[in-house]
Amino acid sequence: MALAAPLFRTFTYRVPDGIAVPIAPGTRVLVSFRNRPEIGICLGATVPPDGITLKPIQAVVDDVPSLPASLLHTGKWIADWYAAPLGLTLRSMLPTALTSAKAPAPASRTQRMVRIVMDLPSLLQREQTFARAKQQRVVYDLLEAQGGAAPLESLRIQANCSAGVFTAMAKRGLVDIRDEVQQRDPFADRAGTLPPPNPSEAQREAVRAILAGDPGQVFLLHGVTGSGKTLVYIEVLRAVLQQRDKTAIVLVPEIALTSQTVDRFRGAFGDDVAVLHSGLSDGERLDAWQSLRRGERRIAVGARSALFAPLERVGVVIVDEEHESSYKQSETPRYHAREAAIVRARAEGAVVVLGSATPSLETWERADRGQAIRLTLPDRAAGAQLPPVTVVDMRVELKQAVKERNPNAPFDETLGVFSKSLLVALEQRLVRGEQSLLLLNRRGYSSFMQCNACGDVPVCPHCSISLTYHRVPEMLVCHYCQHQQPVPAVCAQCSADTMRRRGLGTQQVERVLSERFPEARIARMDVDTTSGKWAHTQILDRVGRGEVDILLGTQMIAKGLDFPNVTLVGVVDADTGLNLPDFRAAERTFQLVSQVAGRAGRGPKGGDVIIQTRMPNSHAIRHAITHDVTGFVREELGARRMPAYPPFVSIANVLVSGLDQAATAATAVAAASWVQRLVERQGLRDLVFVGPAPCPIDRIKDRWRWHFLLKSSQPKLMTRVARYIAERCPVPKMHELRLTVDRDPVSLL
Ligand SMILES: Nc1ncnc2c1ncn2[C@@H]1O[C@H](COP(=O)(O)OP(=O)(O)OP(=O)(O)O)[C@@H](O)[C@H]1O
Ligand SMILES: [Zn+2]
Ligand SMILES: [Zn+2]
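All figures in this text were calculated on a predicted structure; none of them were measured in a lab.

## Here's the deal with the sheet that holds strand E6 (residues 149-151)
- An order of E6-E5-E7 is seen for the three strands of this open sheet, with the pairing classed as antiparallel. Two strands in the sheet have a free side with no partner beyond their single neighbour: E6 and strand E7 (175-181). Averaged over all pairs of adjacent strands, the angle between their axes in this sheet comes to 30 degrees, without regard to strand direction.
- Relative to E7, strand E5 (residues 110-116) is paired through seven bridges, and the arrangement is antiparallel. Residue pairing across strands places Arg112 opposite Asp179, the latter belonging to E7.
- Set on the sheet, helix H7 (residues 163-171) makes contact with E5 and E7; between it and E7 the angle comes to about 115 degrees.

So this is what it looks like as structure tokens:
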């Protein structure tokens, strides 16, 4: 059986008399582990080793397995592929309330519900029925006004009557009284949006193809922004549920940011949808889980972990915005929900739909190799056009601004935040009562250097990666090969003394904006303004109601928003992500810029996009301007061959962290040579080794971080080696030193 301990092994227990055998795999059992009660997951029967007295199982907790076969299969795959302990993996697939032996699971709240079971349509019938029962009449009318069903307690208070009135009504067969599980889903209060329009021919064709897919078939639904992918999902779901009587899973990057999409599913399928979001309490999560398990709801919509919805007979798994990096879990088990979705779908015999306007290179490659069928929606829905994109070269813009500024004033960091054309465009929108989105994806980590005159960014001479600015000691450092160089006083390219640390944030932009447009209603959406549970949704709802003129935000505002009155999208600085020391920097930038640009002009008024950049010639920007995914992918795939990066090789990032800087470095170096020896001893030629080096973000939460990379073109070999390292690589028990293996990392920072 698997226990939720961070151990790469399973445990054998005896089934005592009185407990029926065999216990189905996936069933929860109560055992004593290290003298404490623990919940274990039964994996199956095994031959007990000789001469060892086995401890007995104390109780079987489930009637039916909490983890049905397909989920158990998925869990085993995750543990194997991502080198994670099986027990931890299986535990993470279940609601917390089901895996804790200590705290009793929160009893799902039940409440006494009263329901009308006898209709009294005519006034005359009512007069007769309630002639000598005035209070019953009051209750009946109240009930009817509330849709025919209401909680007993609230009715009693409203009618100001005794509980006996209800009993009498039930005896007469007027109402039915029973305890019902109270759903605590806060999403239930949100209205679904209107039934969607009729699908276009292109949408119908995609639906047909998906429904004709063999079990386990993967589809890439590549539809440009605003092409109506949601309607394709809805039509597929309708067929899967209604014609085939099956169930479905829909993954979205983040519920809070995709409330519009979720509202559409609820609009189409109502209470068949269980929305699994991070705002749920343990009890609410359990309710949702149980309603899926009992088959009361047949569609699970949620982020990553909705993949583990306890549904049976799954007919389709949809992964919306499949390129999103939030699908990768950042702690053990570090699975990618897209990949795990494919594994589960195969086990279920379901088809998989990976939808995006900007597919990941992995998925694109998968289609190129014939492992996924590519479906394309080339045009926007309802005759809308992709918006024209204008690029403003901020180097030129800045030169102009410098020329015009007062030479005696101190250097103004906000100088050149907005180009003239962006200001004019914003002004126009305010005058016309239209809305604007402004993207500035400035996150809080170490800056890079850039020449303000020519746009040059110092890059490592040994890697195609920008150098990171370090303050103490003041140096430019490459985080891949440890190359270091002094901070240049003048630009290596053009010799101007205009080297600057870049670091403009959303708050600063908000200030500049409000000084410039004092009458505008500005909303800012970034990590700082969205700490509350529903903060994202509240901001987006305000935009939807037209209460916001300019929405300024980080990448949060780029995800799937569909507001027809947004006629301008401005990217304040497209370069923020381009110079990160990460091989995915260009891909991320392309996706982000294309996605945010795609928020403009979705309604009949059309729209414009203005992109400010100092690197107008980078392929990420060039292809985003022309909405050219194919062109971008072709160029980017070329860059991933030498040196080899995914999707051409499988990589694993081995991270060593600890509280002491020197010990962390020493452990990383020792771990690396341990792996190196393993590679040599076993003659593993198809395993390339890079590092060790400090991580680009070399300290997080007091922990120092070092890493090295493994690359291989053989996934199976990578699985074996990754697991061996995670399980066996020695790490001294001091300074909280820790080693983790991150297979298929989405970030190397
Ligand atoms: N067949 C149709 N007829 C009319 N309007 C449609 C049709 N299909 C979709 N729409 C509308 O087009 C808009 C865009 O659809 P949707 O939000 O699903 O696009 P999307 O493909 O998910 O785009 P993105 O990738 O940018 O999020 C929505 O307002 C939707 O209601
Ligand atoms: Zn320069
Ligand atoms: Zn380097």
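## Some thoughts on the domain arrangement of the protein
- Domain assignment breaks the protein into domain 1 (2-98), domain 2 (110-181), domain 3 (201-380), domain 4 (389-443 + 505-640), domain 5 (444-504) and domain 6 (650-743).
- Each partner contributes residues to the interface: domain 1 has 17 residues there, and domain 3 has 17 residues.
- Looking at the side of domain 1 that touches domain 3, the elements with two or more residues in it are helix H1 (69-81), helix H2 (86-92) and helix H3 (96-99).
- Among the elements that make up the side of domain 1 that touches domain 3, the one with the highest residue count is H1 (seven residues).
- The residue makeup of the side of domain 1 that touches domain 3, split by class, is 11 nonpolar, six polar and no charged.

## Concerning the site of ligand 1
- Taken together, 21 residues lie around ligand 1, and Thr225, Gly228, Lys229, Thr230 and Ala381 are the ones closest in.
- With three residues, helix H9 (residues 229-243) is the single largest residue contributor to the shell around ligand 1.
- Residue composition of the shell around ligand 1, by class: seven nonpolar, 11 polar and three charged.
- Looking at which domains feed residues into the shell around ligand 1, each of domain 3 (201-380) and domain 4 (389-443 + 505-640) supplies at least three.

## Observations regarding the UniProt feature "binding site: Zn(2+) 2" (unreviewed entry) in the protein
- Mapped onto the present numbering, the UniProt feature "binding site: Zn(2+) 2" (unreviewed entry) falls on Cys460, Cys463, Cys478 and Cys481.
- Turning to its location among the elements, Cys460 is positioned in the loop between strand E17 (449-451) and strand E18 (468-470).

## Focus on helix H20 (residues 629-639)
- Within H20, burial applies to Val629, Phe632, Val633 and Glu636. Along the long axis of H20, the arc covered by the buried residues comes to 95 degrees, so they all point the same way. Structural note: H20 exposes Thr630 and Gly638 on the side pointing more than 90 degrees away from its buried face.
- Looking at the packing, one finds that the buried side of H20 touches helix H13 (361-368), helix H18 (585-597) and helix H19 (619-625).

## Observations concerning unusual backbone geometry
- Thr332 connects to Pro333 through a cis peptide bond whose omega is -5 degrees.
- Looking at where Pro333 falls in the secondary structure, it is placed in the loop between strand E12 (314-320) and helix H12 (337-348).
- The linkage connecting Met642 with the following residue, Pro643, adopts the cis geometry, with an omega of -10 degrees.
- Position of Pro643 relative to the elements: it lies in the loop between H20 and strand E26 (650-658).
- For Asn35, which is not glycine, the phi dihedral falls at a positive 60 degrees.
- Its place among the elements puts Asn35 in the loop between strand E2 (28-33) and strand E3 (36-41).

## Some thoughts on the nonpolar core
- Formed by 169 residues in total, the largest nonpolar core has its most connected members in Phe219, Ile249, Leu251, Val301, Val352 and Val353.
- Leaving out residues up to four positions away in the same chain, Val301 has contacts with Val250, Val252, Val262, Phe265, Val273, Val275, Leu276 and Ala306.
- The next biggest cluster of nonpolar side chains, apart from the first, holds nine residues, and it includes Val114, Val139, Tyr140 and Leu174.

## A closer look at the UniProt feature "binding site: Zn(2+) 1" (unreviewed entry) in the protein
- UniProt marks Cys451, Cys454, Cys491 and Cys494 with the feature "binding site: Zn(2+) 1" (unreviewed entry), using the numbering shown here. For the annotated residues, spread through 44 residues, the largest C-alpha to C-alpha distance comes to 8.6 Å, consistent with a single compact locus.
- Within the secondary structure, Cys454 sits in the loop between E17 and E18.
- The partly exposed category is assigned to Cys454, around which 16 C-beta atoms lie within 10 Å.
- Not counting the four nearest positions on each side in its chain, Cys454 is found in contact with Arg395, Cys491, Gln493 and Cys494.

## Regarding the packing of helix H8 (residues 201-211) against H9
- Across the interface, H8 lies against H9 with an axial gap of 9 Å and an inter-helix angle of 40 degrees. In terms of their interaxial angle, H8 and H9 are classed as oblique. The crossing of H8 and H9 is right-handed. The residues of H9 that touch H8, namely those facing Gln203, Ala206, Val207, Ile210 and Leu211, are Leu231, Val232, Glu235, Val236 and Ala239.
- Partitioned by chemical class, the residues of the contact of H8 with H9 number eight nonpolar, one polar and one charged.

## Overview of the packing of H9 against helix H10 (residues 259-269)
- Interhelical geometry of H9 versus H10 gives an angle of 35 degrees and a closest axis separation of 11 Å. In this structure, the crossing between H9 and H10 has a hand that is right-handed. Touching Thr230, Ile234 and Leu237 of H9 are Thr261, Arg264, Phe265, Ala268 and Phe269, all from H10.
- In terms of residue class, the contact of H9 with H10 is built from five nonpolar, two polar and one charged.

## Overview of the pairing of strand E13 (residues 351-356)
- For E13, the tally of buried residues reaches six of six residues, placing the bulk of the element in the interior.
- Burial along E13 is two-sided: the face carrying Val351, Val353 and Gly355 and the face carrying Val352, Leu354 and Ser356 are both buried.
- In terms of strand pairing, strand E8 (residues 218-223) meets E13 through five bridges, oriented parallel. Residue pairing in the sheet places Phe219 in a bridge with Val353 of E13.

## Description of the environment of Ile19
- Mapped onto the elements of the fold, Ile19 is located in the loop between strand E1 (2-3) and E2.
- Residue classification places Ile19 among the partly exposed positions, given that 14 C-beta atoms sit within 10 Å.
- For the pair Ile19 and Ala59, spaced 40 residues apart in the sequence, the C-alpha separation amounts to 7.7 Å.
- When residues no more than four places from it in sequence are discounted, the contact partners of Ile19 are Ile57 and Val60.

Procedures and definitions
- Residues numbered from 1 in each chain as written.
- Chains lettered and ligands numbered in written order.
- Predicted model: local features only at pLDDT ≥ 70, side-chain atom pairs only at ≥ 80, totals over all residues.
- Pairing = 2+ DSSP bridges.
- Helix = DSSP H or I, 4+ residues; strand = E, 2+ residues; numbered from the N terminus.
- Axes fitted to C-alpha atoms, helices over the stretch in contact; angles between N-to-C directions.
- Contact = placed C-beta atoms within 7 Å.
- Domains from an automatic or database assignment.
- Nonpolar A, V, L, I, M, F, W, Y, C, P; charged D, E, K, R; others polar.
- Near = placed C-beta within 6 Å.
- UniProt positions renumbered as here; feature names shortened; annotations may be inferred.
- Buried ≥ 20, exposed ≤ 12 C-beta atoms within 10 Å, placed from the backbone.
- Arc of directions from axis to C-beta.
- Core = buried A, V, L, I, M, F, W, Y, C linked by C-beta atoms within 7 Å.
- Parallel < 35°, antiparallel > 145°, perpendicular 65-115°, else oblique.
- Left-handed = near helix turned anticlockwise from the far one by under 90°.

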